[in-house]
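Secondary and tertiary structure notes
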Amino acid sequence: MSILKSTVNPQSDSFISNRDYYLERIKELHQRRQRAHLGGPEKARKRHTEHREQILPRDRIRVFIDPGSPFLELGELAGDNLAEGTEIGASLITGIGIVNGRQCMIIVNDATVKGGTYYPMTCKKHVRAQTFAIQHRLPCITMVQSGGAFLPEQEGIFPDEGMFGSIFVNQIEMSAQGIPQIAIVFGSSTAGGAYIPALCDEVVIIRGKGFMYLGGPQLVKAATGEVVGHEELGGAEMHSSVSGVTDHIAEDDAHGLSIARDIVRNLGNLPKQRWDVAKSAEPLYPIEEIYGIVNKDTKIPTHNRDILARLIDGSQFDEFKAKYGDTLMCGFAKIHGFEIGILANEGVMFSESAKKGAHFINLCCQRDIPLLFVADVPGFMVGEHAERGGIAKDGAKFITAMCSAKVPKYTLITGGSYGAGYLAMCGRPFKPNAMLAWPSGRSGIMGPEQVANTLATVREDILTREGKTWTEAEREEFKAPHRKRFEDSEGAYNFASKLWYDAVIDPSETRETLALLLDLAGRSPKIETNFGVFRQ
Ligand code: COA
């Protein structure tokens, strides 16, 4: 094993200035998380705890998972600042927790946000959590307390694939694959909110608080004239003794959670880890130094070699083809003892880097070694020399290898990751098992300045064709809104808000997060890779 040497000087002025800047970004990350953790307005939270005597959604998770075990949240910052108007978190909490030693996907309606109703982003988040659960064969525990669709947004919830109906599709698919699903009905669960538990294997309902019906008493009265109370229409006793829609009655929230823990205990053998996991070793350099290494000037790229030296066990990296295609570092390393094949950018992708990357991915697939893409890339090389050298076919080779690879794949966006570079480094469309970003992560089809320049050049060509000219000031005025639009779009929080990233993490959380993800992936069966055609 060779050790990555880093020559960063933590006493230098530039390091200190970069670090101070990054620490402000970390502060912002924690402020956003705090906002997400709060849930709905104080009035709704008080009604939940004091009036209804219920446990708040996040506290339900805390009570449910094994004491002291971590909860790996996905989509924590989804829904922030969207036109649809949901709170940050999108009225749903999703993540992986350990229950009686078993990793489970936990999906929780937040009834303090508009009665736990589903906004378009809530549907997307629920579907994403299920997709993750299917990929890792995780039992799904759904804590239901939802008024169903957030009606004013029906066009973003109802008609299309990926919306509410896909939640049912996924439930049925999971069931067919033998992935267990358990629901706890904590509160009023109407329409879609009632079908979700009805499609589960076992359902727990809380007496006097949990109700399930396709239409509530008001709707029934309006539709048929029948006057009926909540208990008779969809209460715990009726569903558990008459309709058979639910299987277990709990006396309160805590009891319901305890019954669900018992159900998880009876899910059979725990899945075994398929990889050998070595003893973990800390990197030779403090991980917190990453704050000072990422330059606050986004035009200055980060040396991922210095980053990797602070992320991997013992800073030990067995580099593959170190002297060939050196704008893409490839090599084998360990993270908390889990072996992983790392591809990290060190500049623009050239033909050589792309071919080397494809070769390396091929090796990892043969050896069943998961892949980590550390993305900070302006894109692929352009120009006559690159085109004559076949950059398009070599880029295609890399993308074919990355897309075909069925070993677990993780993407970590550390800096500006643009265009085909973003896609090739296992961007969201290529379905990485998890898409993570640091607060410094940025993505887009191009950087803001490049977009503004491209559009200005197109405009200039049109003006020339029409025999007109413009002044430098007019050119700048034209560019400014385009630049601004891309600046507003490319940031990690916008990507997390739209769920294009699963999580924005503090660099210092990277090792633990990846280790949790790798542990999950290693407990699901290996899938053979069948590569597509490589254009030669
Ligand atoms: N669509 C849009 N908004 C809804 C909603 C829905 N389906 N259900 C509730 N809301 C809103 C309410 O208007 C209220 O908004 P506000 O905070 O701006 O005043 C907020 O959610 C909380 O509703 P409230 O009734 O005060 O909360 P609750 O905890 O007492 O009851 C429900 C929650 C979900 C049980 C109850 O609101 C309800 O029965 N909603 C209708 C459910 C339904 O028929 N859904 C059919 C969907 S297909």
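Cut-offs and rules
- Residues numbered from 1 in each chain as written.
- Predicted model: local features only at pLDDT ≥ 70, side-chain atom pairs only at ≥ 80, totals over all residues.
- Heavy atoms only, no water.
- Helix = DSSP H or I, 4+ residues; strand = E, 2+ residues; numbered from the N terminus.
- Rg over C-alpha atoms; globule rule 2.2 N^0.38 Å.
- Buried < 20%, exposed > 50% of the residue type's maximum accessible area, 1.4 Å probe, protein only.
- Contact = heavy atoms within 4.5 Å.
- Areas by Shrake-Rupley, 256 points an atom, 1.4 Å probe, with all protein chains shown as cover.
- Pairing = 2+ DSSP bridges.
- Expected span 1.5 Å × (residues − 1).
- Domains from an automatic or database assignment.
- Buried area = accessible area lost by both parts, 1.4 Å probe.
- Salt bridge = Lys/Arg side-chain N within 4 Å of Asp/Glu carboxyl O.
- Near = heavy atom within 4 Å.
- Nonpolar A, V, L, I, M, F, W, Y, C, P; charged D, E, K, R; others polar.
- Disulfide = S-S within 2.5 Å.
- Phe/Tyr/Trp six-rings, centres within 6.5 Å; stacked < 30°, edge-to-face > 60°.
- Right-handed = clockwise from strand over helix to strand, strands pointing away.

When you go through the chain residue by residue, the secondary structure sums to 20 helices and 18 strands. Radius of gyration (C-alpha) of the chain: 25 Å, near the 24 Å computed for a compact globule of 536 residues. C-alpha extents for the chain along the principal axes are approximately 75 × 65 × 50 Å. Taking all 536 residues of the chain together, 54% fall into the buried category. Long-range contacts, defined as pairs at least 24 residues apart, comprise 74% of the intrachain contacts of the chain with a sequence gap of at least 6. When the accessible surface of the chain is summed, it comes to about 23,800 Å², and 54% of that surface belongs to carbon and sulfur atoms.

For the rest of this paragraph, the subject is the pairing of strand β5 (residues 181-185). Among the 5 residues of β5, 5 are classified as buried, and the element is accordingly described as predominantly covered. Neither face of β5 is left uncovered, since the one carrying Q181, A183 and V185 and the one carrying I182 and I184 both have all their residues buried. Relative to β5, strand β4 (residues 140-144) is paired through 5 bridges, and the arrangement is parallel. Within β5, the position partnered with I141 by the bridge is I182. Pairing of β5 with strand β7 (residues 202-206), which is carried by 4 bridges, proceeds in the parallel orientation. Bridge pairing links V185 to I205 in β7.

Turning our attention to helix α13 (residues 351-367). With 17 residues, α13 should cover 24 Å at 1.5 Å per step; its first-to-last C-alpha distance of 25 Å lies within 8% of that length. Summarising the contacts, the buried residues of α13 are in contact with β11 (328-335), β12 (338-345), β13 (371-375) and α15 (391-404). Looking one or two residues past α13, D368 carries a phi angle of roughly 55°, positive in sign.

In this section: the domain arrangement of the chain. Along its sequence, the chain is organised into domain 1 (1-36 + 274-441 + 491-528 + 532-536), domain 2 (39-265) and domain 3 (446-489). Here the C-alpha centre of domain 2 lies 35 Å away from the C-alpha centre of domain 1. If you look at the interface, domain 1 gives 29 residues, while domain 2 gives 25 residues. Carbon and sulfur atoms make up 58% of the area that domain 1 and domain 2 hide from each other, which totals about 2,200 Å². At the junction of domain 1 and domain 2, the tally comes to 4 salt bridges.

With that out of the way, let us pick up the site of the ligand. For the ligand, the set of nearby residues contains 13 residues, the closest of which are R47, R52, K114, G147 and A149. Considering the ligand on its own, with 860 Å² of exposed area, one finds that the protein chains cover 55% of that surface. Residue composition of the shell around the ligand, grouped by class: 5 nonpolar, 5 polar and 3 charged.

Another point: the state of the cysteines. As enumerated under the stated definition, the model contains 0 disulfides in all. No disulfide involves C330; its sulfur sits 8.4 Å from that of C364, the nearest cysteine. Look at C330 and you get buried, because its relative accessible area is 0%.

Note on placement: T411 falls in strand β14 (residues 409-413). The contacts of T411, once residues within four sequence positions are left out, are F373, M425, C426, P432, A434, M435 and L436.

Across all of its chains, the model carries 13 aromatic pairs by this definition. Pairing Y422 with F495 gives two aromatic rings, centres 6.4 Å apart and planes at 80°, and the pair type is edge-to-face. In this pair, Y422 sits in helix α16 (residues 419-424) while F495 sits in helix α19 (residues 492-497), placing the two residues 73 residues apart along the sequence. Here Y422 matches F495 in class, with each residue buried.

With that out of the way, let us pick up the pairing of β4. Burial analysis of β4 places 5 of its 5 residues in the buried class, the great majority of the element. Residues C140, T142 and V144 of β4 are buried on one face, and the alternating residues I141 and M143, pointing to the opposite face, are buried as well. Examined bridge by bridge, strand β3 (residues 102-109) and β4 share 4 bridges and lie parallel to one another. What sits directly across from I106, in β4, is I141. For the crossover from β3 across helix α4 (residues 120-136) to β4, the handedness is right-handed. The parallel pair β4 and β5 is bridged by helix α5 (residues 164-176), and the resulting crossover is right-handed.

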